[in-house]
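# Coordinate inspection notes
Chain by chain, the residues run as shown.
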Amino acid sequence: MRDHPAVVWLALAALTALAQPFVPGATWLMVHLVLLGALTHSAMVWSTHFTQALLKTPTDLDDRRQQNHRLALLALGTTLVLVGVPSSVWMLTLVGASLVAAAVTWHGIQLWRRLRRALPGRFRITIRYYLGAAAMLVAGAALGATLARGWDDQLRARLLLAHSLVMLLGWLGLTVTGTLLTLWPTVLRTKMDVRAEALARQALPALVVAVVLTGTAAALGQRLVVAAGLLAYAAGLAWWGRALVRPARTAPPKGFTTWSIAAALIWFAVVIAMVLVIVLTRRSWTTLADGYDTVAVAAAVGFGAQILSGALSYLVPTVIGGGPIAVRAGQAVFDTYAVLRLVLVNGGLVICLLPVPPPVRIAVSALVFIGLVSYLALLLHAIGSMLVLRKARDIGGAEPFSAADAAARVAAHKQRRVWSTDQFVAGIAVLALVTSVAGAVGRAGIGTGEVAPPSLAAGVAATGDTTTVRVEARDMRFSPSRITMPAGNRLVIDVVNVDPTSPHDLTFSSGAHTPRLMLNRTATLDVGVVGASAQAWCSVLGHRQLGMVLDVVVTGRSAAAEARPSGGASAPSKAPIRLGQMPPAGFRPVGARLPALTPERVHHVTLTITEVDLEVAPGVHQLRWAYNGQVPGPTLHGQLGDTFVVTLVNRASMGHSIDFHAGDLAPDVVMRTIPPGASLTYTFVAHRAGAWLYHCSTMPMSAHIAAGQFGAVVIEPEDLAPAADSYVLVQSEAYVDGDGTGTPKEVDAAAVAADQPDAVSFNGIANQYDAAPLVARVGGRVRIWVVDAGPNHATSFHVVGSQFDTVWSEGAYLLRGGRGPLDPAGTHSGGAQALALQPGQGGFVELSPREPGHYPFVSHVMVDAERGAHGILEVTP
């Protein structure tokens, strides 16, 4: 079967979704596996099939061998695109896009030849839809290849919108609308609307013009024209869609095939509306691209996967044949738990697109995944059942059942009720249960209830009255920030989070608290009877220190009895963490070698923010906020003039951001804080050499950096000679809440504010390079790049027992080959003993060890060396 490649693409998309946390750019890959892989392959196969069926042209005009060659060309091009874009090999992407365009162009030419050779007949308009779609794919492939080349954020956003609209509305949209003209009444087993052909003929010019208008306007940056084009397309779609209404009224959708197609069409309309809202509401082209993954997922899962599964569930049994019993048997397989599967897929997708906490999105995504993957299992089962029945018929020369039995089976299938209220209720219940449990686990509740809190009555008699206040969380403040109430009243607070960048909660010292709330979520906190003044705050790390506190002031009670609100509790005393112990067997240090330069001049990087349990010293753990699950984040290495296209994905439980010192861009957009589940693209060109820091710039910045959100960018000066060994060391401090044993806790924000670090380290783990030394050879040139991430302490980098003959700091040589800038003639040779850096600075040193041995390297701020900023350079003969 020629639909096998489509099944393979869908299976690969399912595996990508399953491995999403471990696959960079997984969302892009999954979307293109579905839309470019599975759906494009099926569009070529079935548009050829429908063209032949409608036009009745000779089969030798475009035989099966030619069709297979086109499909092979398409598969090869698709594979190259799917490899080239994630690996940032643009030539691979360009070749792949060209092959895809060539395959579809060849396909379009063959359709045109069939149309010219056919006798006049009905529904020739369908083939014209296919021809328009083929032309759109060629344009969309060109836009996609151009997009992959790498551009600034504004142009990239425009090309992204143009490419996605031309491919979705043009290539896929026109193919689907042309096919459903005849397929929809066929699957409903009813007569076609007599107006269908005329409506399709009238709608086609409007749809084509609308796609050209939106794609061109998007590429040129005309947002209002894009919006007008989308509205024109929606109008054309509505005009065409009237042909679907009458058949649906005559024979309402019944069974998986028709429900899946109907759901896909609804999602198609939803996607158009989503894009229209984004175009009209985003402040700039750069912000328009942020979160566009949401639209892509809705298009791939809601529209693409469901239109494909619905169509194949009818077409595959029909094409395999084997008689009515075989066809009915195959279609019956697809109806297995159809209601439950559709509820999980569509209801789960709705939940995933809402601003829910990451744990909820991950858990519900698993249900959507199960609903989609079950279709692949049913497809294989249906194909097997139909082939067995067809074989039995072929061997026996007739149906493997008696005529009466066959008639009874067909009649039973027609009368069978696929709808199941029990399955519908079960699907809703499963979604609700998983959402609730995941929300509770993630401390980011979606409901509004809360358990009864401990009493704040402080011995006062209850008055029987209730004080109810609405409090909004915004801009690191509560509004109002002060509540005045009579002593003895019951206090009920409706807390609303209107901060688009971060979740917030409200916590009292008594233990009463709300869940953590995402944007526009509300929780009602019944504090109970209040008899003394108290204070509440947001417990998200660092927010209290930024002033996110709420004072509750009680009146009608003497000052002596009053519990005055305080500005913040002092940090409790704690046992010091254990430093200096040897790591356990199997300890793996953080790699310190500088990544090798690659020939690419455009670097595509995905940095995913997560909360992970990591060591800050051997045996001492902390819940760290990390880029790509590591501290420091990945080191980016490039040359002057290189372009870095960085996609930041926030999969943590609070708002985060990123600041690249290597870029020189206005921070308003690219360094903004994004909420959980969101993403942004930060594109910069390396105009100047340096050892640059990147870090989270969300306030309180000190806490976010101390929690592990930092990394290095190395841009080499033009005349840099090769070195035998090159290392990168990023110094930072760790502030541990507790002693670092047991359940890992977040960074101690109070200790950060007080500048009381528990450990200082190179590359995130104190003393790690004592246990796993860096290596070099006698006489070999060793280059060590050093970046001070802080957030608070400077460094004075020193290698014990050696001297530096080259020191490069903040973009300039202080010493080069033993000659300083004030000694250009080299009348005497000088050396350096330390590289001094303040937080946020970087540079490198070079040395050539004269004899073997173990050379400690330290921060010569000795107290920090004793806190773990220490390692060994092991030099061998």
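Residues numbered from 1 in each chain as written. Predicted model: local features only at pLDDT ≥ 70, side-chain atom pairs only at ≥ 80, totals over all residues. Heavy atoms only, no water.

What the protein contains, in helices and strands, is 21 helices and 27 strands. Counting all 877 residues of the protein, 55% fall into the buried class. Considering only intrachain contacts with a sequence separation of at least 6, the fraction spanning at least 24 residues in the protein is 77%. Surface exposure of the protein reaches about 35,600 Å², of which carbon and sulfur atoms provide 62%. (Helix = DSSP H or I, 4+ residues; strand = E, 2+ residues; numbered from the N terminus. Buried < 20%, exposed > 50% of the residue type's maximum accessible area, 1.4 Å probe, protein only. Contact = heavy atoms within 4.5 Å. Areas by Shrake-Rupley, 256 points an atom, 1.4 Å probe, with all protein chains shown as cover.)

With respect to topology, four strands assemble into an open sheet ordered E3-E8-E7-E5, the strand pairing being mixed. Looking at which strands have only one partner, the edges of the open sheet turn out to be strand E3 (482-486) and strand E5 (507-508). In terms of strand pairing, E5 meets strand E7 (residues 534-537) through two bridges, oriented antiparallel. Bridge assignment links Phe508 to a residue of E7, and that residue is Ala536. (Pairing = 2+ DSSP bridges.)

Here E7 shows a buried face lined by Ala534 and Ala536 and a second buried face lined by Gln535 and Trp537. In this sheet, strand E8 (residues 549-555) lies alongside E7 in antiparallel orientation, the contact comprising four bridges. Its bridge partner lying in E8, Trp537 is registered against Val549.

All right, on to the environment of Gly556 then. Turning to its location among the elements, Gly556 is positioned in the loop between E8 and strand E9 (602-617). For Gly556, a relative accessible area of 85% gives the class exposed. A C-alpha to C-alpha distance of 5.8 Å links Gly556 and Ala487, two positions 69 residues apart in sequence.

Okay, the pattern of salt bridges next. Under the definition given, this model contains 17 salt bridges. For the salt bridge of Asp62 with Arg70, the shortest nitrogen-to-oxygen distance reads 2.9 Å. Taken individually, Asp62 and Arg70 each receive the classification buried, so the pair is uniform in this respect. Note that Asp719 and Arg816 form a salt bridge whose closest N and O atoms lie 2.9 Å from each other. Remark: Arg816 occurs in the loop between strand E23 (812-815) and strand E24 (835-837) and Asp719 occurs in the loop between strand E16 (710-716) and strand E17 (725-734); sequence separation between them is 97 residues. With a relative accessible area of 44%, Asp719 lands in the partly exposed category. Linked by salt bridges that have partners in common, Arg781, Arg783, Asp805 and Glu846 make up one network. (Salt bridge = Lys/Arg side-chain N within 4 Å of Asp/Glu carboxyl O.)

Another point: empty space enclosed by the protein. Per the counting criterion, the structure on display carries six cavities of 30 Å³ or more. Of the volumes computed, that of the largest cavity is approximately 240 Å³. Only helix H2 (26-55), helix H6 (153-188) and helix H11 (292-320) provide two or more residues apiece to the lining of the largest cavity. Taken together, the residues of the lining of the largest cavity sort by class into 14 nonpolar, four polar and no charged. (1 Å grid on protein atoms, 1.4 Å probe; cavity = no way out; pocket = protein on both sides within 12 Å on 5 of 7 lines; lining within 4 Å. Points joined across faces, edges and corners; volume = space filled by probe spheres on them. Nonpolar A, V, L, I, M, F, W, Y, C, P; charged D, E, K, R; others polar.)

Core analysis: the biggest nonpolar cluster contains 142 residues, and Tyr129, Leu161, Leu169, Trp171, Tyr233, Val275 and Phe303 have the highest contact counts within it. With 20 residues, H6 is the single largest residue contributor to this core. Discounting residues that sit within four places of it in the chain, Trp171 has contacts with Thr40, Ala43, Met44, Val104, Ala133, Ala134, Met136, Leu137 and Val166. Residues Val471, Met485, Ala534 and Val552 belong to the second largest nonpolar core, which totals 39 residues. (Core = buried A, V, L, I, M, F, W, Y, C linked by side-chain atoms within 4.5 Å.)

Here helix H7 (residues 196-220) contains 25 residues, and its C-alpha end-to-end distance of 36 Å stays within 8% of the 36 Å for a straight helix at 1.5 Å per residue. The largest bend in H7 comes to about 30°, at Ala203, with the proline Pro205 one to four residues further on. Gly221 occupies a position one or two residues after H7 and carries a positive phi of about 85°. (Expected span 1.5 Å × (residues − 1). Bend = angle between axes of the 7 residues up to and from the residue.)

With that out of the way, let us pick up the packing of aromatic side chains. A complete count under the given rule lists 22 aromatic pairs for this structure. Judged by centre distance (5.1 Å) and plane angle (35°), the ring pair of Phe660 and Phe684 falls under tilted. Of this pair, Phe660 sits in strand E13 (residues 659-660) while Phe684 is found in strand E14 (residues 679-685), placing the two residues 24 residues apart along the sequence. Across the pair, exposure class does not vary: Phe660 and Phe684 are buried alike. (Phe/Tyr/Trp six-rings, centres within 6.5 Å; stacked < 30°, edge-to-face > 60°.)

Of all seven residues that make up E14, six are buried, and the element is covered over most of its length. In this structure, strand E12 (residues 643-650) lies alongside E14, joined through seven bridges in antiparallel fashion. Residue pairing in the sheet places Thr647 in a bridge with Thr681 of E14.

Moving on to the side chain of Ser697. Looking at where Ser697 falls in the secondary structure, it is placed in the loop between strand E15 (690-695) and helix H18 (701-706). Here the side chain of Ser697 touches Ser657 through a polar contact of 3.0 Å, side chain to side chain. Among the polar contacts listed, one links the side chain of Ser697 to the backbone oxygen of Met671, at a separation of 3.5 Å. (Polar contact = N/O pair within 3.5 Å; in protein donor to acceptor, adjacent residues only side chain to side chain.)

Trans peptide bonds make up the majority, and among non-glycine residues the majority have a negative phi. With an omega of 0°, the peptide bond between Ser479 and Pro480 qualifies as cis. Here the amide bond leading from Met699 into Pro700 is cis, since omega sits at -5°, within 30 degrees of zero. As for its placement among the helices and strands, Pro700 is situated in the loop between E15 and H18. Positive phi values are uncommon outside glycine, yet Arg189 reaches one of about 60°. Relative to the helices and strands, Arg189 resides in the loop between H6 and H7. For Arg189, a relative accessible area of 47% translates into the label partly exposed. With a phi angle near 65°, Asn763 is a residue other than glycine that sits in the positive phi range. On the secondary structure map, Asn763 appears in the loop between strand E18 (759-762) and helix H20 (768-771). Given the relative accessible area of 2%, Asn763 is considered buried.

The next subject is the environment of Ala426. By the secondary structure assignment, Ala426 is in helix H16 (residues 421-441). Look at Ala426 and you get partly exposed, because its relative accessible area is 34%. The spatial distance from the C-alpha of Ala426 to the C-alpha of Leu344 is 9.5 Å, given a sequence separation of 82 residues.

Before going further, it helps to spend a moment on the sheet that holds E12. Across the sheet, four strands lie side by side as E10-E9-E12-E14; this open sheet has mixed pairing. Strands at the two margins of the open sheet, each flanked by one partner only, are strand E10 (620-627) and E14. Taking the axes of each pair of neighbouring strands and ignoring which way they run, one obtains an average angle of 25° across the sheet. (Axes fitted to C-alpha atoms, helices over the stretch in contact; angles between N-to-C directions.)

The terminal C-alpha atoms of helix H1 (residues 4-18) lie 21 Å apart, and with 15 residues this matches the ideal 21 Å at 1.5 Å per residue to within 8%. Of all the positions in H1, only Ala6, Val7, Trp9, Leu10, Ala13, Ala14 and Thr16 are classed as buried.

So, on to the packing of helix H5 (residues 124-148) against H7. The N-to-C vectors of H5 and H7 enclose an angle of 10°; their axes lie 10 Å apart at closest approach. By the criterion of interaxial angle, the relationship of H5 to H7 is roughly parallel. Between H5 and H7, the contacting residues are Arg124, Ile125, Arg128, Tyr129 and Met136 on the first element and Glu197, Ala200, Arg201, Ala203, Leu204, Leu207, Val208, Val211 and Val212 on the second. For the contact of H5 with H7, the per-class residue count stands at 10 nonpolar, no polar and four charged. (Parallel < 35°, antiparallel > 145°, perpendicular 65-115°, else oblique.)

Before going further, it helps to examine a nonpolar patch on the surface. A grouping of Val8, Leu12, Leu15 and Leu18 is seen on the molecular surface, where their side chains present a nonpolar patch of about 370 Å² in accessible area. You can see Leu15 is positioned in helix H1. (Patch = residues over 30% accessible without salt bridge, like charges linked within 9 Å, V, L, I, M, F, W, Y side chains within 5 Å.)

Once that is clear, we can look at the packing of H2 against H5. Axis separation between H2 and H5 bottoms out at 10 Å; the angle between their running directions is 155°. Classified by the angle their axes make, H2 and H5 are roughly antiparallel. Where H2 crosses over H5, the handedness of that crossing is left-handed. Where H2 approaches H5, its residues Thr40, Ser47, Phe50, Thr51, Leu54 and Leu55 are matched on the opposing element by Arg124, Thr126, Ile127, Tyr130 and Leu137. Among the residues making up the contact of H2 with H5, the classes are represented as six nonpolar, four polar and one charged. (Left-handed = near helix turned anticlockwise from the far one by under 90°.)

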